[in-house]
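# Descriptive analysis of the structure
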Amino acid sequence: MKVLLLEDDRSLATEVERVLRRAGYAVDVTRTYEDADVAASAGDYACLVLDRSVPGGDGSDLVAALRRAGDLTPAILITARDALADRVRGFDLGADDYLVKPFAAVELIARVRALTRRGQVTLPPVLDGAGIHLDVQRHTVHRHGTKLILRAKEFAVLEELLRAGGGVVTRTELVERCWDELHDPASNVVDVVIGQLRKRLGSPPAIHTVRGVGYRVGDEAAGDA
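So, here is what we can say about the structure in this document.

### Quick look at the packing of helix H6 (residues 152–163) against helix H8 (residues 189–201)
- Following both chains from N to C, one finds H6 and H8 inclined at 85 degrees, their axes separated by 10 Å at the closest point. Viewed along their axes, H6 and H8 adopt a mutual orientation that is roughly perpendicular. Counting all contacts with H6, which are made through Lys153, Glu154, Val157, Leu158 and Leu161, the residues of H8 involved are Val193, Ile194, Gln196, Leu197, Arg200 and Leu201.
- Across the contact of H6 with H8, the residue classes tally to 7 nonpolar, 1 polar and 3 charged.

Below, the structure is given as structure tokens:
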């Protein structure tokens, strides 16, 4: 899942980006209101983490603009303003949560997870296919009853493949949903992660390549290359 971070304080932005990545999220970092506006309008994010006071505007105003446009992406406002009136205004403009600086990294991660789970209530919390049992909320994977230990990107890619229900997921779709804007589209990182997943999942093969298109999860490779 991808998170959009709007924070003009470079040291804080670096720290927040680091803890989010360690928690398994892809992160797009912006430092101005305009850049965040463009990214939020064009991207597909699981959560927005927005500073209130940034060059060019206020993160709460960005939330309000997104809500007017019908965008309900969960949003957390982070700010040094701890007055009740500031918090109330943020909620009134459409924010889902409010975190006052300084804050603990573990609290931010907990709040992001809570909001992203809330945004996925209409999606299956457990995914199955080809003997694989993936629990989204517990972040666990079993195959044929054996628990597997996956890295964050491997889990994210496998989740996207299972959500397709046996349909094909293209490389482009995997990049857009599991990586951030720093990803080099010319790299073979998707193929590398797929290769790692195949090894961890073992036999019989569960992930199949559809030549020139992408990948699918299934018990058989019929029609695949």
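Next comes the rest of the account.
### What about the sheet that holds strand E13 (residues 207–210)?
- In spatial order, the strands read E12-E14-E13; together these 3 strands make up an open sheet with antiparallel pairing. Two strands close off the open sheet at either side, each with one partner strand: strand E12 (169–170) and E13.
- Sitting on the sheet, H6 touches E12, E13 and strand E14 (214–217), and the angle it makes with E14 is about 75 degrees.

### Brief notes about the packing of aromatic side chains
- Per the stated rule, a full pass over the model turns up 1 aromatic pair.
- Geometrically, the ring pair formed by Phe91 and Tyr98 is tilted, given 6.2 Å between the ring centres and 50 degrees between the ring planes.
- Taking relative accessible area as the criterion, Phe91 reaches 39% and is therefore assigned partly exposed.
- On the basis of relative accessibility, which here comes to 7%, the residue Tyr98 falls in the buried class.
- Above the ring of Tyr45, the side-chain terminus of Lys2 is found at 5.2 Å from the ring centroid.

### Some details on the environment of Val213
- Mapping Val213 onto the fold places it in the loop between E13 and E14.
- In this structure Val213 comes out as partly exposed when scored by relative accessible area, which is 38%.
- For the pair formed by Val213 and Lys101, sequence separation is 112 residues and the distance between their alpha carbons is 45 Å.
- When neighbours within four sequence positions are excluded, Val213 is seen to be in contact with Val168, Thr170 and Arg171.

### What to know about the packing of H6 against helix H7 (residues 171–178)
- The geometry of H6 relative to H7 is characterised by a closest axis approach of 10 Å and an angle of 125 degrees between their N-to-C directions. Of the possible angle classes, the one that applies to H6 and H7 is oblique. The way H6 lies across H7 gives a crossing that is right-handed. Here H6 contributes Lys153, Ala156, Val157 and Glu160 to the contact with H7, which in turn contributes Leu174, Arg177 and Cys178.
- Each residue belonging to the contact of H6 with H7 can be placed in one class, and the counts come to 4 nonpolar, no polar and 3 charged.

### What about the pairing of strand E1 (residues 2–6)?
- Counting buried positions over the 5 residues of E1 gives 5, a clear majority of the element.
- Relative to strand E2 (residues 26–30), E1 is paired through 5 bridges, and the arrangement is parallel. Residue Leu5 lies in a different strand from E2, and its bridge partner there is Val29.
- For the segment spanning E1, helix H1 (residues 10–22) and E2, crossover handedness is right-handed.
- Relative to strand E3 (residues 47–51), E1 is paired through 4 bridges, and the arrangement is parallel.

### Remarks on the pattern of salt bridges
- Counted by the stated rule, this structure contains 12 salt bridges.
- Here Asp96 and Arg67 are joined by a salt bridge, their closest N and O atoms 3.0 Å apart. With a gap of 29 residues between them, Asp96 in the loop between helix H4 (84–92) and strand E7 (97–100) and Arg67 in helix H3 (residues 59–68) connect regions that are remote in the sequence.
- With a relative accessible area of 29%, Asp96 lands in the partly exposed category.
- When its relative accessible area of 19% is taken as the criterion, Arg67 is described as buried.
- Between Arg163 and Glu159 there is a salt bridge, with the nearest N and O atoms lying 2.8 Å from each other. You can see Arg163 and its partner Glu159 sitting in helix H6, 4 residues apart, about one turn around the helix.
- Taking the relative accessible area as the measure of exposure, Arg163 reaches 25% and is therefore partly exposed.
- Bridged by salt links that share partners, the residues Glu7, Asp51 and Lys101 form one connected network.

Definitions and limits used
- Chains are numbered independently. Their residues run from 1 in the order of the written sequence.
- Totals for whole chains, interfaces and linings use all residues, but because this is a predicted model, local features are given only for residues with pLDDT of at least 70 and pairs of side-chain atoms are given and counted only at 80 or more.
- Water and hydrogen atoms play no part in the side-chain values, which are based on all heavy atoms of the structure.
- Each axis is a line fitted through C-alpha atoms, and for a helix only the stretch in contact is used; angles between axes span 0 to 180 degrees, taken between their N-to-C directions.
- Numbering goes from the N terminus for both helices and strands, where a helix is a DSSP run of H or I of at least four residues and a strand is a run of E of at least two.
- What sets the label is the angle itself: under 35 degrees gives roughly parallel, over 145 gives roughly antiparallel, 65 to 115 gives roughly perpendicular, and the rest give oblique.
- Any two residues whose heavy atoms approach within 4.5 Å are treated as being in contact.
- Gly falls in the polar group here, along with every residue not listed as nonpolar (Ala, Val, Leu, Ile, Met, Phe, Trp, Tyr, Cys, Pro) or charged (Asp, Glu, Lys, Arg).
- Should DSSP find at least two bridges between two strands, the strands are regarded as paired.
- Paired rings are identified among Phe, Tyr and Trp, the last through its six-membered ring, by centres lying within 6.5 Å, and are further divided according to the angle between planes into stacked (under 30 degrees), edge-to-face (over 60) and tilted (the rest).
- Remark: exposure states derive from per-residue accessible area (1.4 Å probe, protein chains only) relative to the maximum for the residue type, with buried under 20%, exposed over 50%, and partly exposed in between.
- Geometrically, a lysine NZ or arginine CZ counts as sitting over a ring once it is within 6 Å of the ring centre and also within 35 degrees of the ring normal.
- Throughout, a crossing is termed right-handed when the near helix is turned clockwise from the far one, and left-handed when it is turned anticlockwise from it by less than a right angle.
- When the strands point away from the viewer and the connection leading from the first strand across the helix to the second strand turns clockwise, the crossover is called right-handed.
- One speaks of a salt bridge when a side-chain nitrogen belonging to Lys or Arg is within 4 Å of a carboxyl oxygen belonging to Asp or Glu.

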